[in-house]
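Structural characterization, general
What follows is each chain in one-letter form.
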Amino acid sequence: MFVSENLGVNEKGHLTAGGIDTVELAKQYGTPLYVMDEALIRKHCQSYKNSIDKFYGGEGLVCYASKAFCCMEMCRVMKDEGIGLDVVSIGELYTAEKAGFDCNKICFHGNNKTDEELEYAVDLKVGRIIVDNIYELKRLDKIAENKGVKANIMFRIKPGIDAHTHNFIRTGQIDSKFGFALETGEAMEAVKMAISCPNINLKGVHCHIGSQIFSINPFVEAAEVMLKFIADIKNETGHEVVELNLGGGFGIKYTENDDPVPYEAYMEKVSVAVKESCEKLGIKQPFILIEPGRSMVAPAGITLYTCGGIKNIPNIRTYVSIDGGMTDNPRYALYQSEYEALVANKADKPRDTKVTIAGKCCESGDLIGEGMPLQEAEPGDIIAVCATGAYNYSMSSNYNRIPKPATVFINNGESRVVIKRETLDDIIRNDM
């Protein structure tokens, strides 16, 4: 019934998260409400970090892909756990800086960074700027020259691997807006240009093949392709690439049908492929970076709603309406992403009805899911949607001028607000 290890049922029959009664959380903080289990997030951090230490002898860095869920407190947790950050905008970079994060442990991504973003990254001495195209390389070289520094970069490479995920979250194949293609030779040409740039230090290469991937083999294939490219660079130019960033994309359990690979199994199999490829190619094993995001935070999150009107259309469907929707979770509208849901105050009862959970936005497509098993719901019930820690708050909007929910962290039986609920004044703050 539960897709995450931190969920349970107490003596009242209420859903618990991290041992805390979610119905009580809804009463205390209101709904909609994002709830994040800090202890579980930290556990995931430690699992990844321990795997890097075990399988790469500590010669690697786990960087949390902050686009999954970013706020100052999240950056502080990552800093505390010795995890780096993957950021993709000036906003995420600014958040990290204000949280006191070590910018040397930041990878700055993006396929169309502005001059303002690049200048800011250089000023902060960001450890690795992942360059996506020649236009960016030339601008960064000029910016670094003007500031009298040398910028550390990695190139984003398309390894030509199809990870068999949704079209919108496949990024490793040649037809992608991200990165340089190997097949056309543009990746090698970019490397040669970078080597000739006086204000650029080409430290490494990066790839990311997609998201919500359940098979280890695509990751192994990507690692082998990237190491072959590193060997080709050395043979053709003499330049030694010292870092390899293998990205993220590890699948998680959204529904009972999902069967994700344990993190350690992934790390072990890929590390074996890395070692064997390096020996075969005659190159030194590079420093390895990985960028998990969803798998760090999605299982740790749930979203709580209050049930409103219920509309039963005989022989068609039953709509259960909630006080949130696509403004706080747009993933069903975007990808038809599946979730598990339950009535938090009836968690000990069987989920013996099939419903469509409908949001409150003025859009027919504003749904959390269709045909979802749920306990018999009534107005006033608390509806919990599980595994919402990633790409919910971060993709939320003010469509229909709906304020964004608060986010609460729970840990050791305590709860605290880390992102305040938006007010009506927040909605009009920038209006003139």
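The structure presented is a predicted model; accordingly, all values stated were derived computationally and were not measured.

1. Quick notes on the confidence of the model for the protein chain
Looking at the protein chain, the pLDDT average stands at 94 and 97% of residues meet or exceed 70. Under a pLDDT of 50 for its full length, residues 165-172 has, in the predicted model, 26 contacts with residues more than four places off or in other chains.

2. Examining helix α5 (residues 115-123)
For α5, the full list of buried residues reads E117, L118, Y120, A121 and V122. If you follow the buried residues of α5, they end up packed against α4 (90-98), β7 (106-108), β8 (128-131) and α6 (134-147). Just downstream of α5 lies K125, where phi reads positive at about 60°.

3. A short note on the packing of helix α8 (residues 217-237) against helix α9 (residues 263-281)
Closest axis-to-axis distance for the α8/α9 pair is 9 Å, and the angle between their directions is 25°. Classified by the interaxial angle, the pair formed by α8 and α9 is roughly parallel. Where α8 crosses over α9, the two elements pack in a sense that is right-handed. Counting all contacts with α8, which are made through N217, F219, V220, A223, E224, L227, K228 and A231, the residues of α9 involved are Y266, K269, V270, A273, V274, S277, C278 and L281.

4. As for a negative patch on the surface
A cluster of acidic residues, E221, E224, E276 and E279, forms a negative patch at the surface. Examined against the element boundaries, E276 turns out to sit in helix α9.

5. As for the packing of aromatic side chains
Tallied over the full model, the rule gives 10 aromatic pairs. Ring centres 5.0 Å apart and planes at 75° place the aromatic pair F155 and F180 in the edge-to-face group. One end of the pair, F155, is in strand β9 (residues 151-158); the other, F180, is in strand β10 (residues 180-181), and 25 residues separate them in sequence. Comparing F155 with F180, the two get one shared label, buried.

Scoring rules and cut-offs
Residues numbered from 1 in each chain as written. Predicted model: local features only at pLDDT ≥ 70, side-chain atom pairs only at ≥ 80, totals over all residues. Heavy atoms only, no water. pLDDT = per-residue confidence, 0-100. Contact = heavy atoms within 4.5 Å. Buried < 20%, exposed > 50% of the residue type's maximum accessible area, 1.4 Å probe, protein only. Helix = DSSP H or I, 4+ residues; strand = E, 2+ residues; numbered from the N terminus. Axes fitted to C-alpha atoms, helices over the stretch in contact; angles between N-to-C directions. Parallel < 35°, antiparallel > 145°, perpendicular 65-115°, else oblique. Left-handed = near helix turned anticlockwise from the far one by under 90°. Patch = residues over 30% accessible without salt bridge, like charges linked within 9 Å, V, L, I, M, F, W, Y side chains within 5 Å. Areas by Shrake-Rupley, 256 points an atom, 1.4 Å probe, with all protein chains shown as cover. Salt bridge = Lys/Arg side-chain N within 4 Å of Asp/Glu carboxyl O. Lys, Arg positive; Asp, Glu negative; His and termini not counted. Charge placed at Lys NZ, Arg CZ, Asp CG, Glu CD. Phe/Tyr/Trp six-rings, centres within 6.5 Å; stacked < 30°, edge-to-face > 60°.

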